[in-house]
Amino acid sequence: LTGQIDEAESSLGIALEIARSQGARALELRAATSLARHWLANGKVDAAQGVLSAVYDAFPGRNALPDLVQAGELLASIRARQSPASTLREGPNP
């Protein structure tokens with residue numbers, strides 16, 4: 001099972017890097033959202049917040065595209081889960 005988790009994480013990371021290198025922002029958002037969900041399921045809350053906020057926050061206007069809405073809801077959920085210590089360490093998130 002650990003091998004499958006590592007393989008999933010690796011594949012999602014590769015998808016994120018490919019999307020980023022091709023300038024495919026919508027696909028980058030999907031990959032970041034999937035990776036964030038994966039990390040949340042494995043207890044990596046801070047990593048999930050970091051990867052998703054880096055991509056989500058780069059979108060101007062944040063219109064009502066379904067992928068942006070989903071990413072925003074997930075990011076809000078992640079930020080609500082973060083421990084007070086990690087929030088203080090990282091500073092406030094807009």
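The structure we're discussing is the one just above.
Keep in mind it's a predicted model, so treat the numbers as computed, not measured.

Along the chain, His38 falls in helix H2 (residues 25-41). Judged by relative accessible area, which is 13%, His38 ranks as buried. If we skip the residues at most four places from it in the chain, His38 touches Ile5, Ala8, Glu9 and Leu12.

Moving on, we get to the pattern of salt bridges. Counted under the stated rule, the structure contains five salt bridges. In this structure, Glu28 engages Arg20 in a salt bridge whose closest nitrogen and oxygen atoms are separated by 2.8 Å. Assessed through its relative accessible area of 12%, Glu28 is described here as buried. Judged by relative accessible area, Arg20 falls into the partly exposed class, the value being 37%. One connected set of salt bridges, linked through shared partners, spans Glu17, Arg20 and Glu28.

Two aromatic rings are characterised by how far apart their centres lie and by the angle between their planes. Scanning the entire structure with this criterion turns up zero aromatic pairs. Sitting above the plane of the Phe59 ring, Arg25 keeps its charged end 4.4 Å from the centroid.

Once that is clear, we can look at the nonpolar core. The tendency in soluble globular proteins is for nonpolar side chains to be buried side by side. By size, the foremost hydrophobic cluster in this structure holds 20 residues, and its most contacted members are Leu16, Leu29, Ala36, Val51, Leu52 and Ile78. Mapped by element, the contributors of at least two residues to this core are H2, helix H3 (45-56) and helix H4 (66-81). Broken down by element, this core gets its largest block of residues, seven residues, from H2. In this structure Ala36 touches Ala48, Val51, Leu52, Leu74 and Ile78, once residues within four positions along its chain are discounted.

Attention now moves to the packing of H3 against H4. The geometry of H3 relative to H4 is characterised by a closest axis approach of 10 Å and an angle of 145° between their N-to-C directions. Every pair of crossing elements has a handedness; the one defined by H3 and H4 is left-handed. Between H3 and H4, the contacting residues are Val45, Ala48, Gln49, Leu52, Ser53 and Tyr56 on the first element and Leu68, Ala71, Gly72, Leu74, Leu75, Ile78, Arg79 and Arg81 on the second. Of the residues contributing to the contact of H3 with H4, the split by class is nine nonpolar, three polar and two charged.

What counts, and at which threshold
Residues numbered from 1 in each chain as written. Predicted model: local features only at pLDDT ≥ 70, side-chain atom pairs only at ≥ 80, totals over all residues. Heavy atoms only, no water. Helix = DSSP H or I, 4+ residues; strand = E, 2+ residues; numbered from the N terminus. Buried < 20%, exposed > 50% of the residue type's maximum accessible area, 1.4 Å probe, protein only. Contact = heavy atoms within 4.5 Å. Salt bridge = Lys/Arg side-chain N within 4 Å of Asp/Glu carboxyl O. Phe/Tyr/Trp six-rings, centres within 6.5 Å; stacked < 30°, edge-to-face > 60°. Lys NZ or Arg CZ within 6 Å of the ring centre and 35° of its normal. Core = buried A, V, L, I, M, F, W, Y, C linked by side-chain atoms within 4.5 Å. Axes fitted to C-alpha atoms, helices over the stretch in contact; angles between N-to-C directions. Left-handed = near helix turned anticlockwise from the far one by under 90°. Nonpolar A, V, L, I, M, F, W, Y, C, P; charged D, E, K, R; others polar.

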